[in-house]
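The chain contents come next:
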Amino acid sequence: MFTGIIEALGEIKRVEQQQGDVRLTVATANLDLSDAQLGDSIAVNGVCLTAIELTKGQFVADVSNETLSATTMGNIKAGAVVNLECALQAQTRLGGHMVSGHVDGVGQVIERKSDARSVRFRFSMPKQLARYVAQKGSICIDGISLTVNSVDDSSFSVNIVPHTLEMTTLGQRTIGDSVNLEVDVIARYLERLMMGDAQDSSPVDYKKLLESSGFVK
């Protein structure tokens, strides 16, 4: 798990084709990997990757075909600047929201405009994700935890403050750029809960909550 608070900007140093999928070498700049171990998770532009090699100032990770097809990793090139975050530790402040690093879809920048010292972005999103995105709710864009300003059936807007523009790749994003999107994990589980399951096919509704002790009084 991650928080969506970016710890450092890194750079893709090498993209190697590996029998149908890809191996990435990522330079970590000032990301603190002093306590990192082989097999640890590191989020790269919001994509949870497993470190298979760790050397001073960089790590190596394999990227599966599933990840290549479902995220912007499929078009990543050497030299690209990326957002980096190490996995959440028990004592870490949860400054953003709970982020899994499992990307739900790819969006695009469709609007960018200045608002005093901030920048307002509007992003397109796959229509099937719209039901998970709520005004003033949380969303993760390229690994960055952000608050949704407004949302419609196919797009949403966010306000980016100067610090975030400086410390993440959003400062470089322009109209037409693709980004990784991860919706709030709570919304996904709530939807599944409302649907019911194989053992109990009835969905959760007011009547069911009324019949269940402790939920509705």
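Residue positions are counted from 1 within each chain, in the order its sequence is given. Local features in a predicted model are, by the rule used here, given only for residues with pLDDT of at least 70; side-chain atom pairs are given and counted only at 80 or more, and totals for whole chains, interfaces and linings are based on all residues. Based on all heavy atoms of the structure, the side-chain values leave hydrogens and waters out of the count.

### Thoughts on the pattern of salt bridges
Here is step 1: Whenever a carboxyl oxygen of Asp or Glu lies within 4 Å of a side-chain nitrogen of Lys or Arg, that contact is scored as a salt bridge. Per the stated rule, a full pass over the model turns up six salt bridges.
Here is step 2: Asp104 is paired through a salt bridge with Arg188; the nearest N and O atoms lie 2.7 Å apart. Note that Asp104 is positioned in the loop between β6 (81-86) and β7 (105-115) and Arg188 in helix α3 (residues 185-195), a separation of 84 residues in sequence.
Here is step 3: Close ionic contact of Arg131 with Glu191 constitutes a salt bridge, the shortest N to O distance being 2.5 Å. Helix and strand labels come from DSSP, where a helix needs a run of H or I of at least four residues and a strand needs a run of E of at least two; each type is numbered from the N terminus.

### Brief notes about the side chain of His97
Here is step 1: Summarising the element assignment, His97 is placed in the loop between β6 and β7.
Here is step 2: For His97, a relative accessible area of 8% translates into the label buried.
Here is step 3: When checking whether two residues touch, look at their non-hydrogen atoms; a contact exists if any pair is within 4.5 Å. In this structure, His97 is in contact with Phe2, Thr3, Gly4, Ser138, Ile139, Cys140, Ser145 and Asp184, ignoring residues within four places of it in sequence. Buried means the residue's accessible area, taken with a 1.4 Å probe over protein chains only, is under 20% of the maximum for its type, while exposed means over 50%, and partly exposed covers the values in between.

### Here we look at the sheet that holds β6
Here is step 1: Strand pairing requires that DSSP identify at least two bridges connecting the strands. Around the barrel, which closes on itself, the six strands sit in the order β1-β2-β5-β4-β3-β6 with antiparallel pairing between neighbours. Across the sheet, the mean angle from the axis of one strand to that of its neighbour is 45 degrees, orientation sign disregarded.
Here is step 2: Where strand β2 (residues 21-27) meets strand β5 (residues 58-63), six bridges bridge the pair, whose relative direction is antiparallel. Paired with Thr25 across the strands is Val60, a residue of β5. Axis lines are fitted through C-alpha atoms, for helices just across the contact stretch, and the angle between N-to-C directions can take any value from 0 to 180 degrees.

### Digging into the sheet that holds strand β11 (residues 155-160)
Backbone-to-backbone hydrogen bonds pair the strands of a sheet. The strands run either parallel or antiparallel.
Here is step 1: With antiparallel pairing, six strands are arranged side by side around a closed barrel as β7-β8-β11-β10-β9-β12. Taking the axes of each pair of neighbouring strands and ignoring which way they run, one obtains an average angle of 45 degrees across the sheet.
Here is step 2: As judged from the six bridges shared by β7 and strand β8 (residues 118-124), these two strands associate in the antiparallel manner. In the sheet register, Val109 faces β8, and the bridge partner there is Phe123.

### Focus on empty space enclosed by the protein
Here is step 1: Every definition here rests on a 1 Å grid over the protein atoms only: cavities are sets of points where a 1.4 Å probe fits but cannot get out, pockets are open sets enclosed by protein on both sides within 12 Å along at least five of seven lines, and lining residues have some atom within 4 Å of a point. Grid points are joined across faces, edges and corners, and a volume is the space filled by probe spheres set on the points. Across all of its chains, the model carries one cavity of 30 Å³ or more by this definition.
Here is step 2: As a volume, the largest cavity reaches approximately 30 Å³.
Here is step 3: Lining the largest cavity are Phe2, Gly4, Ala43, Gly46, Glu85, Val99, Gly101 and Gly143.
Here is step 4: Amino acid classes used here: Ala, Val, Leu, Ile, Met, Phe, Trp, Tyr, Cys and Pro are nonpolar; Asp, Glu, Lys and Arg are charged; the rest, including Gly, are polar. Partitioning the lining of the largest cavity into residue classes produces three nonpolar, four polar and one charged.

### Quick word on the environment of Thr25
Here is step 1: Mapped onto the fold, Thr25 is located in strand β2.
Here is step 2: Of the residues examined, Thr25 reaches a relative accessible area of 2% and is grouped as buried.
Here is step 3: Taking C-alpha positions, Thr25 is 8.9 Å from Glu53, a pair spaced 28 residues apart along the chain.
Here is step 4: Those residues within four positions of Thr25 in sequence are excluded, and the remaining contacts are Glu11, Ile12, Lys13, Arg14, Glu16, Gln58, Phe59 and Val60.

### Some details on the layout of surface pockets
Here is step 1: What the second largest pocket holds in volume is close to 290 Å³.
Here is step 2: Lining of the second largest pocket is provided by Asn45, Thr72, Asn75, Ile76, Ala80, Val81, Asp142, Thr169, Gln172, Arg173, Asp177 and Ser178.

### Structural notes on the environment of Thr174
Here is step 1: Within the fold, Thr174 resides in the loop between α2 (162-167) and β12 (178-183).
Here is step 2: For the pair Thr174 and Arg112, spaced 62 residues apart in sequence, the C-alpha separation works out to 7.1 Å.

### Points about the side chain of Arg122
Here is step 1: Its place among the elements puts Arg122 in strand β8.
Here is step 2: Residue Arg122 is classed as buried on the basis of its relative accessible area of 19%.
Here is step 3: Engagement of the side chain of Arg122 in a polar contact is seen with the side chain of Ser150, the distance being 2.8 Å.
Here is step 4: Arg122 has contacts with Gln108, Val109, Ile110, Glu111, Ser150, Asp152, Ser155, Phe156 and Ser157, leaving out every residue within four places of it along the chain. We define a polar contact as two N or O atoms separated by no more than 3.5 Å, with the added condition that, inside protein, one atom must be a possible hydrogen donor and the other a possible acceptor, whereas residues neighbouring each other in sequence contribute only through side-chain atom pairs.

### Section: unusual backbone geometry
Here is step 1: Despite not being glycine, Gln19 has its phi angle at roughly 55 degrees, a positive value.
Here is step 2: In this structure, Gln19 sits in the loop between β1 (8-18) and β2.
Here is step 3: With a phi close to 50 degrees, Asn45 is a non-glycine residue in the positive phi region.
Here is step 4: Mapped onto the elements of the fold, Asn45 is located in the loop between β3 (41-44) and β4 (47-55).
Here is step 5: Residue classification places Asn45 among the buried positions, given a relative accessible area of 3%.

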